[in-house]
Amino acid sequence: MSFAQALKLAIVSATDLSRDALHVYVGLTVFLSVQWMLRGRNAAVMPVIAVLVVAIAGEAIDLKDDLTSLGFWRWKASAHDLVNTLLWPLVLAALGWFQARSGGR
């Protein structure tokens, strides 16, 4: 087991959350953190890109671990993780975009 997988298991154990929930929380945390740091500049695009980069990096680590330990990539699990990580940041970005387009009401 790689260090990354051991770290994930330790976080799951310490928080008593599912892996799916952790993906949701990581996505929202990255999105909101980048949005706060930018304070409105590119507020819909850059935070989503940051979440995408973090999600892809995590899945690249999982891909390497899958190939090493199983000999194949569990691509359906990776797709599931990407959806869990990106869904709510995309929803929030879309809501922000629609609000800006409607004049901020």
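For the structure itself, consult the block above.
Residues numbered from 1 in each chain as written. Predicted model: local features only at pLDDT ≥ 70, side-chain atom pairs only at ≥ 80, totals over all residues. Heavy atoms only, no water.

Caption draft 1: Summary view of the overall build of the protein chain. Across its full length, the protein chain holds four helices and zero strands. Helices and strands appear in the protein chain in the N-to-C order α-α-α-α. Along the first, second and third principal axes, the C-alpha atoms of the protein chain reach 50 × 30 × 20 Å. In the protein chain, which comprises 105 residues, the share counted as buried stands at 23%. Put simply, 57% of the contacts in the protein chain that link residues at least 6 apart link residues at least 24 apart. By element, 71% of the accessible surface of the protein chain is carried by carbon and sulfur atoms, the whole surface being about 7200 Å². Between the centroid of the 9 positive side chains of the protein chain and the centroid of its 7 negative side chains there is a distance of 14 Å. (Helix = DSSP H or I, 4+ residues; strand = E, 2+ residues; numbered from the N terminus. Buried < 20%, exposed > 50% of the residue type's maximum accessible area, 1.4 Å probe, protein only. Contact = heavy atoms within 4.5 Å. Areas by Shrake-Rupley, 256 points an atom, 1.4 Å probe, with all protein chains shown as cover. Lys, Arg positive; Asp, Glu negative; His and termini not counted. Charge placed at Lys NZ, Arg CZ, Asp CG, Glu CD.)

Caption draft 2: Spatial organisation of the layout of surface pockets. Space inside the largest pocket adds up to approximately 620 Å³. Around the largest pocket, the lining comprises 25 residues; the ones closest to its centre are K8, H23, G58, E59 and D62. Those elements giving two or more residues to the lining of the largest pocket turn out to be α1 (3-15), α2 (19-38), α3 (46-69) and α4 (75-101). Examining the composition of the lining of the largest pocket, we find that seven residues originate from one element, α3, more than from any other. (1 Å grid on protein atoms, 1.4 Å probe; cavity = no way out; pocket = protein on both sides within 12 Å on 5 of 7 lines; lining within 4 Å. Points joined across faces, edges and corners; volume = space filled by probe spheres on them.)

Caption draft 3: Inspection of the packing of aromatic side chains at higher detail. In this structure the tally under the stated criterion is one aromatic pair. Judged by centre distance (4.9 Å) and plane angle (70 degrees), the rings of W97 and F98 are edge-to-face. Above the plane of the ring of W36 lies R39, whose end atom (NZ or CZ) is 4.6 Å from the centre. (Phe/Tyr/Trp six-rings, centres within 6.5 Å; stacked < 30°, edge-to-face > 60°. Lys NZ or Arg CZ within 6 Å of the ring centre and 35° of its normal.)

Caption draft 4: View of the nonpolar core. Formed by V30, F31, V34, V48, A50, V51, L86 and A93, the largest nonpolar core amounts to eight residues. Put simply, the parts of the chain that give this core at least two residues each are α2, α3 and α4. In this structure, V30 is in contact with A50, V51 and V54, ignoring residues within four places of it in sequence. (Core = buried A, V, L, I, M, F, W, Y, C linked by side-chain atoms within 4.5 Å.)

Caption draft 5: Inspection of the environment of W73 at higher detail. The topology assignment puts W73 in the loop between α3 and α4. Here the alpha-carbon distance between W73 and L17, two residues 56 residues apart in the chain, equals 24 Å. The residues contacting W73, other than those within four sequence positions of it, are L63, D66, L67 and S78. Of the polar contacts made by the side chain of W73, one reaches the side chain of S78; its length is 3.0 Å. (Polar contact = N/O pair within 3.5 Å; in protein donor to acceptor, adjacent residues only side chain to side chain.)

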